[in-house]
Amino acid sequence: MSEYFEFQWDMRSKIGDVRMGNKKYYNVYNEPTEWNQALFQIKELIGASMDYALKDKSCYHDNDFLLRFLFARKFDVDEAFRLIINYFTYMQKNQAIFQRLSVFDESVQLALRDGFPGVLPERDRRGRKVLVFFTANWDPALYSLLTIYRAMLLSLEKLLEDKQNQANGFVAIVDWSNLTLQKSSHLNPKILKLMIEGLQDCFPVQFKAIHFIGQTWYLEAAMAVIRQFLKEKTRSRIKLHSNLSTLHESIARDVLVTELGGEGPPFNPLEWYHTLLASSQENHNVESRPYYITQATVYSTAPASCLKNGSSMAKKSSDPARNSLLSLDDDI
């Protein structure tokens, strides 16, 4: 029944600090002025750090960026600082993933148009944003699992601009129904490991629940890979559903799209894609911030590729950065 508690987001509520043992956790719903205590402490750690991953300390003055990590670790300053180290280490180890990461990347556009990810307009009863993945929509001949990961990172970066998403986290629903055996063979174990490492241990994202629907026998190999790299806390948040009725026990039907037995309209992946396109033009005066995973790409009008409805694109490009990513995908 707790799922049906109507969440109230109130930035002004003052609940006070929480102590567990010798550690102090700043309550995530305190007023912004009280967040300054945690920000001051984490900046001291960043300033004093000799870790190679933090050789560039340009994030030091960006409070909005640092708050993402504090929210992700419930304002445990030490844990948030470790997450920052992991974040920069991961970015430096996997630079090709983040090259030219924007909504104007042609392969990322294809993934977004197919709903990877889909972002539902309504939050669940606990104020969490709901992401959906209908795997039957995936065409591995047009874009790889690595491209889907890039589209996810791009989407999460945008969603994390909202502090409600930072504090409450996300729910993911993966519908494996009608994913063919041939398509499942493209679930590259090394890419799956890379995704789990990033989303679980390196990015300031909280996945509060992950719901799997329609899992078939031939997905067991991929699931074995996934389970192998999951922490116990993450593993406990994965829920398997043999039918939609058990999903509805966790997420109210009025939040869900028709395809998931919900009361909402049919799933339209273009809504989120167009949101990203529009937002890409909003902050064209913002200075480049190399510590973000996406970089601004400013156009006076959207490139012609964004306006195409066609789905076929050449694998090779004249863009060396894109070809570098394709090489990484091939190597993995």
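Notes on the structure in this doc start here. (Residues numbered from 1 in each chain as written. Predicted model: local features only at pLDDT ≥ 70, side-chain atom pairs only at ≥ 80, totals over all residues. Heavy atoms only, no water.)

**What about the side chain of Gln-200?**
Phase 1 of the analysis: As for its placement among the helices and strands, Gln-200 is situated in helix α9 (residues 189-202).
Phase 2 of the analysis: We classify Gln-200 as buried; its relative accessible area is 13%.
Phase 3 of the analysis: At 2.9 Å, the side chain of Gln-200 forms a polar contact with the side chain of Thr-234.
Phase 4 of the analysis: Apart from residues no more than four positions distant in its own chain, Gln-200 is found in contact with Arg-73, Phe-229, Leu-230, Lys-231 and Thr-234. (Helix = DSSP H or I, 4+ residues; strand = E, 2+ residues; numbered from the N terminus. Buried < 20%, exposed > 50% of the residue type's maximum accessible area, 1.4 Å probe, protein only. Polar contact = N/O pair within 3.5 Å; in protein donor to acceptor, adjacent residues only side chain to side chain. Contact = heavy atoms within 4.5 Å.)

**Things to note about helix α3 (residues 77-93)**
Phase 1 of the analysis: With 17 residues, α3 extends 24 Å between its outermost C-alpha atoms, agreeing within 8% with the 24 Å of an ideal straight helix rising 1.5 Å per residue.
Phase 2 of the analysis: What α3 keeps buried is the set Val-77, Ala-80, Phe-81, Leu-83, Ile-84, Ile-85, Tyr-87, Phe-88, Tyr-90 and Met-91.
Phase 3 of the analysis: Among the residues of α3, the N-terminal cap falls to Asp-76, whose side-chain oxygen and the backbone nitrogen of Asp-78 are separated by 3.2 Å. (Expected span 1.5 Å × (residues − 1).)

**Details of the pairing of strand β5 (residues 170-175)**
Phase 1 of the analysis: Taking burial as the measure, the 6 residues of β5 include 6 buried ones, the bulk of the element.
Phase 2 of the analysis: The two faces of β5 match: Phe-170, Ala-172 and Val-174 on one face and Val-171, Ile-173 and Asp-175 on the other face are all buried.
Phase 3 of the analysis: Pairing of strand β4 (residues 129-134) with β5 involves 6 bridges; the strand directions are parallel. For Phe-134, the partnering residue across the bridge sits in β5 and is Asp-175.
Phase 4 of the analysis: Relative to strand β6 (residues 207-213), β5 runs parallel, the two being bridged by 6 bridges. Considered in β6, the bridge of Asp-175 is made with Ile-213. (Pairing = 2+ DSSP bridges.)

**Comments concerning the packing of aromatic side chains**
Phase 1 of the analysis: In this structure the tally under the stated criterion is 20 aromatic pairs.
Phase 2 of the analysis: For the ring pair Phe-65 and Phe-69, a centre distance of 5.1 Å and an interplane angle of 65° mean the geometry is edge-to-face. With a gap of 4 residues between them, Phe-65 and Phe-69 both fall in helix α2 (residues 63-72), about one helical turn apart.
Phase 3 of the analysis: An aromatic cluster is built from Phe-65, Phe-69, Tyr-87, Phe-88, Tyr-90, Phe-98, Phe-203, Tyr-291 and Tyr-292, whose rings are joined through pairwise contacts. (Phe/Tyr/Trp six-rings, centres within 6.5 Å; stacked < 30°, edge-to-face > 60°.)

**Side note on the packing of α2 against α3**
Phase 1 of the analysis: Packing of α2 against α3 brings their axes to within 8 Å, and their N-to-C directions diverge by 120°. Taken together, α2 and α3 sit at an angle that is classed as oblique. Helix-helix and strand crossings are classified by hand; for α2 and α3 the assignment is right-handed. For the pair α2 and α3, contact is made by Phe-65, Leu-66, Phe-69, Leu-70 and Ala-72 and by Val-77, Ala-80, Leu-83, Ile-84, Tyr-87 and Phe-88, respectively.
Phase 2 of the analysis: Of the residues assigned to the contact of α2 with α3, the class counts are 11 nonpolar, no polar and no charged. (Axes fitted to C-alpha atoms, helices over the stretch in contact; angles between N-to-C directions. Parallel < 35°, antiparallel > 145°, perpendicular 65-115°, else oblique. Left-handed = near helix turned anticlockwise from the far one by under 90°. Nonpolar A, V, L, I, M, F, W, Y, C, P; charged D, E, K, R; others polar.)

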